[in-house]
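# Secondary and tertiary structure notes
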Amino acid sequence: MEEFNGVRVIEEFEAMTKDAERVQTECLKKILEENGSVEYLKNLGLNGRTDPENYKACVPLVTYKELEPYIQRIVDGDSSPILTSNPITTFSLSSGTSEGKSKFIPFNNALMETSVQRSKTSFAFRNREFPVGKGKELQFTYRSKQVKTKGGLVAASYITNLYTSSLYKNKMKPIKSVFSSPDEVMLGKDFNQSLYCHLLCGLIFYNEIQVISAVFAQIVVYAFRTLEQVWEQLCADIRAGTVSHRITDPALRTAMSTTLLRSNPELAELICDKCKGLSSSNWGGLIPELFPNAKYIYAKMTGSMEAYLKKLRHYAGDVPLVSGDYGASEAKIGVNVNPKLPPELVTYVVLPDSGYFEFLPLLEKYYKTTESKPLGLTEVKVGEEYEMVVTNFAGLYRYRLGDVVKVMGFHNSSPEIKFVCRRNLILNINIDMHTEKDLQLAVEEASKVLAEEKLEVVDYTSLAGLSMEPGHYVIFWELSGEGSDEVLGECCNCLDQSFGDPAYAFSRKVNTIGALELRIVRGGTFQKILEHFIASGGSASQFKTPRCVTNQEVLQLLSSNVVKSYSSTTAFL
Ligand code: AMP
């Protein structure tokens, strides 16, 4: 097996980003040479041409909706070359956070290869700054259900596809730390049971843990919130050497009992003492206290994940937070080459060989596309925002990803981008327009009022109350404790004011938008949203709380858990 050489990987990356335009053209050529004769491209008259100009002239920009009829035929078992010359046999079910509905994204080995490559690059930069030795990684990974489509193909989350593939395991083994949890835990059928076992494994190897990770920061926070609840049971298991009855999955019980768990009263005592101390100080510094050799925490921490950074920092104490890369089930896009930067400042260098990327200019703020054409990788302008357009190795051609990125600079000749948010407007009643980023900023502002009562927002979402009279914004908050009516009323007013750009303020003044409502939900409500997502086939690893509710079941779930609600008394003059 080839040994991992970080210096060489970085050198290759530097060479590639110096020559980004040529690498992009080559990448497109490779994709089109391989797939030029597929039905989709043939119908568009590409006629085997592989250069960017003809490609852009013949192939239109599309969203999932336009590709869906083609994808559906593959899902239903049509194995003719529709989108790719090699038949697609597996799909990644994207989280579908924005639309509330999973998408079937074609997955193949070529996509996996780029993912492995990206992971190696990213690891090389990370390891240069934070070298890890022979320790273990506590990785909160969870699989999704694997479903068979009508045509007999496999559909699962991207993470599940990756982790169940032997190709990935073999290629990643030489570079990854050993995980503290066995495969059975990572691939467990029940999220809560897997989470409990991840925590148990982490504590068993507490002084060997060097890295704590998950795909998204939200899931790391969730794991340690759970630890706050179950630490006594975890200690009891370590003391007794048997796993709690809450673990009913036989595969998990066997994996834990036969290989890992031995009665260890001294360890149980040690962890128990640490947890008692931590619980009396609101669990601040939990990570360095329980995992004294942890070198860093690794997960995607930008964009909507910034909402969890405060809590994560509280748990992390002085252990650095390193933001993971930027990518999606559709393509791996950018790598964090400055792992020491705080997550709020992290940018991603676009990988020119990982797909063919275009950048659709967006009108500042409202993310309506302009008339202008998408720009190539090396044509983008610093300071501008764009929607990402992806052509990948698995049948997506000029596919609008729906993510907004901002160009912050260049690394050699490849752009360094910041992930801003999803493109769709989430709050829009009439002439007002607000994105998930606006909501995030409004919640951050209003949370400052909460700090007076030593309370925090555990999680949040929103609803554009169009069916109400007059239509208005509804914000749902789950809090870490009970707030007074006075403070929560003030938070509600603050939220309303924070959306107060001229269009919103005018609509509020003339009452075409009614007073904003803040609804407080019972503790544990957002956990139920996560469970609903998993029950619908998603993987907790890819879960991102939807920032606007469009799914009726989720709305029902939220509504039935409202304990208090407030209406803004802010007057817009
Ligand atoms: P999925 O479709 O489940 O694979 O999720 C992919 C989506 O997650 C992307 O389209 C982005 O919206 C979001 N995402 C990916 N990387 C990051 C990141 N580094 N920070 C914040 N959000 C991200």
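Note that this is a predicted model, so its numbers are computed, not measured.

Reading guide: rules and limits
Residues numbered from 1 in each chain as written. Predicted model: local features only at pLDDT ≥ 70, side-chain atom pairs only at ≥ 80, totals over all residues. Heavy atoms only, no water. Helix = DSSP H or I, 4+ residues; strand = E, 2+ residues; numbered from the N terminus. Buried < 20%, exposed > 50% of the residue type's maximum accessible area, 1.4 Å probe, protein only. Contact = heavy atoms within 4.5 Å. Areas by Shrake-Rupley, 256 points an atom, 1.4 Å probe, with all protein chains shown as cover. Lys, Arg positive; Asp, Glu negative; His and termini not counted. Charge placed at Lys NZ, Arg CZ, Asp CG, Glu CD. Pairing = 2+ DSSP bridges. Arc of directions from axis to C-beta. Phe/Tyr/Trp six-rings, centres within 6.5 Å; stacked < 30°, edge-to-face > 60°. Lys NZ or Arg CZ within 6 Å of the ring centre and 35° of its normal. Axes fitted to C-alpha atoms, helices over the stretch in contact; angles between N-to-C directions. Left-handed = near helix turned anticlockwise from the far one by under 90°. Nonpolar A, V, L, I, M, F, W, Y, C, P; charged D, E, K, R; others polar. Parallel < 35°, antiparallel > 145°, perpendicular 65-115°, else oblique. Domains from an automatic or database assignment. Salt bridge = Lys/Arg side-chain N within 4 Å of Asp/Glu carboxyl O. Expected span 1.5 Å × (residues − 1).

Scanning the protein chain from N- to C-terminus turns up 20 helices and 21 strands. Judged by the C-alpha coordinates and their principal axes, the protein chain covers about 70 × 70 × 45 Å. Relative to its 573 residues, the protein chain shows a buried fraction of 58%. Sequence-distant contacts, at least 24 apart, represent 71% of the contacts inside the protein chain between residues at least 6 apart. Per element, the accessible surface of the protein chain, about 23,200 Å² overall, is 51% carbon and sulfur. For the protein chain, the centre of its 62 positive side-chain charges and the centre of its 68 negative side-chain charges are spaced 3 Å apart.

Note on strand geometry: in a regular strand, side chains alternate between the two faces of the sheet. Relative to strand β11 (residues 332–335), strand β10 (residues 326–327) runs antiparallel, the two being bridged by two bridges. For Tyr-326, the partnering residue across the bridge sits in β11 and is Gly-334. Here β11 runs beside strand β12 (residues 348–350); their pairing, made up of two bridges, is antiparallel. Within the sheet, the bridge partner assigned to Val-335 lies in β12 and is Val-349.

Before going further, it helps to spend a moment on helix α20 (residues 552–559). The set of residues buried in α20 consists of Val-554, Leu-555, Leu-557 and Leu-558. Down the axis of α20, the buried side of the element spans an arc of 160°, and every buried residue falls inside it. Every exposed residue of α20 that faces more than 90 degrees away from the buried side is listed here: Gln-552, Glu-553 and Gln-556. Contact partners of the buried residues in α20: β18 (457–465), β19 (472–479), β20 (517–521), α19 (525–535) and β21 (562–567).

Another point: the packing of aromatic side chains. For the structure on display, the rule yields 23 aromatic pairs. Measuring from ring centre to ring centre gives 5.1 Å for Tyr-473 and Phe-499, while their planes differ by 85°; the resulting arrangement is edge-to-face. Taken together, the positions of Tyr-473 in strand β19 and Phe-499 in the loop between α17 (485–498) and α18 (502–509) put the pair 26 residues apart, joining distant regions of the chain. Phe-499 sits in the buried class, given a relative accessible area of 1%. An angle of 40° between the planes, with centres 4.9 Å apart, marks the rings of Tyr-473 and Tyr-504 as tilted. Of this pair, Tyr-473 sits in strand β19 while Tyr-504 sits in helix α18; the two residues are 31 residues apart in sequence, bridging distant segments of the chain. Three or more aromatic residues joined by ring pairs make a cluster, and in this case those are Phe-140, Phe-224, Phe-291 and Tyr-315. Its guanidinium or amino end placed over the ring of Tyr-298, Arg-126 lies 3.6 Å from that ring's centre, counting from NZ or CZ. We note Arg-547 situated over the ring of Tyr-460; from NZ or CZ to the ring centre the distance is 4.0 Å.

A few words on the packing of helix α1 (residues 6–18) against helix α6 (residues 109–129). One can describe the packing of α1 onto α6 by two numbers: an axis separation of 9 Å at closest approach and a directional angle of 120°. Taken as a pair, α1 and α6 cross one another with a handedness that is left-handed. Along the contact surface, α1 presents Gly-6, Val-9, Ile-10, Phe-13 and Glu-14, while α6 presents Lys-120, Thr-121, Ala-124, Phe-125 and Arg-128. When the residues that make up the contact of α1 with α6 are grouped by side-chain class, the tally is five nonpolar, two polar and three charged.

Another aspect to go through is the packing of α19 against α20. Helix packing for two helices is described by the angle between their axes and how far apart those axes are. It is at 10 Å that the axes of α19 and α20 come closest, and there the two elements cross at 160°. Relative to α20, the element α19 lies roughly antiparallel. Crossing geometry of α19 relative to α20 is assigned as right-handed. Touching Thr-525, Phe-526, Lys-528, Ile-529 and His-532 of α19 are Glu-553, Val-554, Leu-557 and Leu-558, all from α20. Grouping the constituent residues of the contact of α19 with α20 by class yields five nonpolar, two polar and two charged.

Here we take up unusual backbone geometry. Omega for the bond connecting Glu-469 with Pro-470 falls within 30 degrees of zero, at -10°, which places this linkage in the cis form. Here Pro-470 lies in the loop between β18 and β19. Located in the positive-phi region is Arg-398, a residue other than glycine, with phi close to 50°. Relative to the assigned elements, Arg-398 resides in the loop between β15 (385–391) and β16 (399–411). Residue classification places Arg-398 among the buried positions, given a relative accessible area of 5%.

Okay, the sheet that holds β20 next. Ordered by their spatial adjacency, four strands build an open sheet running β18-β19-β20-β21, and the pairing between neighbours is mixed. The open sheet is flanked by β18 and β21, the only strands paired with a single partner. For this sheet, the mean angle separating the axes of adjacent strands, direction not counted, is 20°.

With that out of the way, let us pick up the domain arrangement of the protein chain. As far as domains go, the protein chain holds domain 1 (10–85 + 346–422), domain 2 (131–145 + 159–319) and domain 3 (436–567). Once you take the C-alpha centre of each, domain 1 and domain 2 turn out to be 36 Å apart.

According to the stated counting rule, one finds 22 salt bridges in the structure shown. Two residues, Glu-456 and Lys-311, come together in a salt bridge whose shortest N-O distance is 3.7 Å. Taken as a pair, Glu-456 in the loop between α16 (436–450) and β18 and Lys-311 in helix α15 (residues 309–316) lie far apart in primary sequence, 145 residues in all. Under the relative-accessibility criterion, Glu-456 is labelled partly exposed at 23%. Among the charged side chains, a network of salt bridges with common partners joins Glu-39, Arg-73 and Asp-78.

Another aspect to go through is the pairing of strand β7 (residues 209–216). Buried residues dominate β7, accounting for seven of its eight residues. As paired elements, strand β3 (residues 136–139) and β7 share four bridges and run parallel to each other. Across the sheet, Glu-137 pairs through a bridge with Val-211, a residue of β7. Bridge count between β7 and strand β8 (residues 296–300): four bridges; the pairing is parallel. Each bridged residue has a counterpart across the sheet, and for Phe-216 the counterpart in β8 is Lys-300.

Our next topic: α17. Structural remark: α-helix, 3.6 residues per turn; residues separated by three or four positions point the same way. In a regular helix each residue adds 1.5 Å, so 14 residues correspond to 20 Å; α17 covers 20 Å between its end C-alpha atoms and thus fits that length. Looking only at α17, the buried set comprises Val-487, Leu-488, Gly-489, Cys-491, Cys-492, Asn-493, Cys-494, Leu-495 and Asp-496. Tucked inside the fold, the buried residues of α17 contact α16, β19, α18, β20 and β21.

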